[in-house]
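Tertiary structure, described
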Amino acid sequence: MLKRFIAYYKPHKKMFALDMLASLFISLIGMVYPIVTNQMLNDLIPNRLYKQIVIAGAVVLVLYILRMLLRYFVQYYGHLVGVKMQKQMRSDLFAHLEKLPYSFFDNHETGSIMTRLTSDLFEVSELAHHGPENIILSVISIVLSFSYLATINIWLTIIIFVCAPILCFVASLMRKKMRAAFKESRAAVAEINDALESSISGIRVTKAFTNSDKEEEKFEVGNTMFVNARNKAYKAMGIFHSTTTFVTDIFNVIVLLAGGIFLYNEQIVFADYSAFIVSTNLFLGPVTTLINFMEQYQNGVTGFERFLEIIDAVPEKDDEDAEDVDKLEGHIEFKNVTYGYDDESDVLDNVSLNIEKGKTYALVGPSGGGKTTICHLIPHFYNIEQGEIFLDGKEIHKITMESLRRNIGIVQQDVYLFNSSIKENILYGRLDATDEEVYEAAKRANIHDYVMTLENGYDTVVGERGVKLSGGQKQRIAIAGIIALRPDVIIFDESTAMLDPKGRADVLDTIEKLNREYGTTILHITHYMEEAIRADRVIVIDGGKIKLDGTPREVFTHVETVKAAGLDVPQITELMLEARRDGIDLPADALDYMEGADAVEKLLK
Ligand code: ADP
Ligand code: MG
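What you see is a predicted model; the values in this text were computed from it and never measured.

A few words now on the layout of surface pockets. Of the volumes computed, that of the second largest pocket is approximately 620 Å³. What lines the second largest pocket is a set of 23 residues, and nearest its centre among them are Ile26, Ser27, Arg71, Ser141 and Thr289. Those elements that provide at least two residues to the lining of the second largest pocket are α2 (13–44), α3 (50–99), α5 (110–152) and α9 (270–311). Ranked by the residues each element gives to the lining of the second largest pocket, the list is headed by α5, at eight residues. Taken together, the residues of the lining of the second largest pocket sort by class into seven nonpolar, 13 polar and three charged.

Now the structure itself:
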């Protein structure tokens, strides 16, 4: 861990060395005052050397002015180095986050991740800059002060230095308690941020349900938890500070007493005695610094540990022999795929599918059946362990994720728009698309006319997650983004769910055009009969299994499944009649499941 921490100093070696040097001078200058005092008491004053007294004063003053400048340098540049290291860690963390798989974000809340990127790293940078300064300089000061004190009186010096290990022992004992308490408080902060994230994002829901009281209550619980955790941390801190300062106070008492006894026995002269008392701070100063530093050290180390936790999370990685694909034909095949998000239960159960290139597929079935999961496996968002998925006959692991995802467009079930302009959101699919292409895509997604009615047109900012747009408008913008990207395979995950019947018909036209004009393979998850009917093939998914896979006519004569899929009855009836007319065999009991079966029966006769 230390090695990884030190690596972050590398780019700032020079500045850091200067910073250290400046700090070294600061502590050396700190030693001057007691030394000069010593000289005054022992030499200059008794010998009435007025001129030297004035010179000594002037020297101290000049040195203090120098120290002021050095302090400015250390404060300013030291922190700057710290914050630059913090920047680097934050960049590394963010870059790493971008590489982590879907599953990581399924299991880590935004608030916690934010805490790590902000306050945790702040503590780390504080440690980065104050840490070495404190450790190295304190150690140097302690050694120097020992040598200096020893010249005044070796026995007194030995006495206080022998006591030092006791202080260290007490401090490290306290530190352990503090460490545990700080870790807990850090976790509490992260948890609070999660809760806050969730509450603030959901504030509209809260208002709609007039549940502010409940939210406040929930918040209070978290807030109290935070106080409790901090309570423990502060308690540990209080004990730590009071006992360690008490121990240093004892040092002063020891010097006072032992020195007094020495003086009484005439083993030390008065001037040395007083000089020693003044100089004890030379030793106690750095010792106190070291002790206080432990707290900062604790914060920083905890922060860095939490930083490493994410940095060490396993990123998505292409197989060694994975190859880039330039274009996809769009032939997708699932072979005995069994998948579960966790070890406990399988969401997909031995799924085999053959999706031919250039055709349109409607994926239907009850909610929670596994439709979205199937679609998320195709761009390799999750890793499957059982079974295989092929694209154009190539096993999915043998294709780089980058090139795979570039060629597969997916309009997610919950559309996410970035808080930027409409144009930027459409461009997100393909950053190098021209304005013309953006407009064209928007026209195809039937959003262009609406955008033109806006005062700022395509530059209109959509608000956080696109709150300033209706659900249908958001879906259309997402669809426009995919059209601009023009991938070889497009997945629409309930992309028409928020549209009115006219809007749905428009989008369906768009989908069919994409398929006809560019030969795009299309998977369309839908709950609407009229959409499913128009697909080349319909796949019914229920309980993680493929229940049916065929042409709309073949599938929709299996009434039971259709009803489970939530499709409406009159349209099924019509399809069945048509099927009957065309001489397709209907399942014998098909009609038994239908509402209005009598009417159908009559018609059939
Ligand atoms: P559908 O799209 O057909 O409604 P999904 O594929 O979204 O269904 O979900 C199938 C099952 O997988 C559901 O039981 C759901 O609870 C579960 N599931 C979906 N996403 C996750 C996830 N990220 N982590 C854990 N379980 C999930
Ligand atoms: Mg879904």
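Before going further, it helps to spend a moment on unusual backbone geometry. With a phi close to 60°, Asn446 is a non-glycine residue in the positive phi region. Take Asn446: it is sitting in the loop between α13 (435–444) and α14 (448–453). For Asn446, a relative accessible area of 32% puts it in the partly exposed group. One non-glycine residue, Arg465, lies in the positive phi region at around 55°. Following the sequence through the fold, Arg465 ends up in the loop between α14 and α15 (471–485). What makes Arg465 partly exposed here is its relative accessible area of 39%.

This part is about empty space enclosed by the protein. This model, assessed by the stated rule, comprises three cavities of 30 Å³ or more. In this model, the largest cavity occupies a volume close to 90 Å³. As for the largest cavity, its lining consists of Thr360, Tyr361, Ala362, Leu508, Ile511, Glu512, His524, Glu531, Ala532, Arg534 and Ala535. Elements with a contribution of two residues or more to the lining of the largest cavity: β3 (360–364), α16 (501–518) and α17 (529–533). Residue classes in the lining of the largest cavity are distributed as six nonpolar, two polar and three charged.

Parameters at a glance
- Residues numbered from 1 in each chain as written.
- Chains lettered and ligands numbered in written order.
- Predicted model: local features only at pLDDT ≥ 70, side-chain atom pairs only at ≥ 80, totals over all residues.
- Heavy atoms only, no water.
- 1 Å grid on protein atoms, 1.4 Å probe; cavity = no way out; pocket = protein on both sides within 12 Å on 5 of 7 lines; lining within 4 Å.
- Points joined across faces, edges and corners; volume = space filled by probe spheres on them.
- Helix = DSSP H or I, 4+ residues; strand = E, 2+ residues; numbered from the N terminus.
- Nonpolar A, V, L, I, M, F, W, Y, C, P; charged D, E, K, R; others polar.
- Buried < 20%, exposed > 50% of the residue type's maximum accessible area, 1.4 Å probe, protein only.

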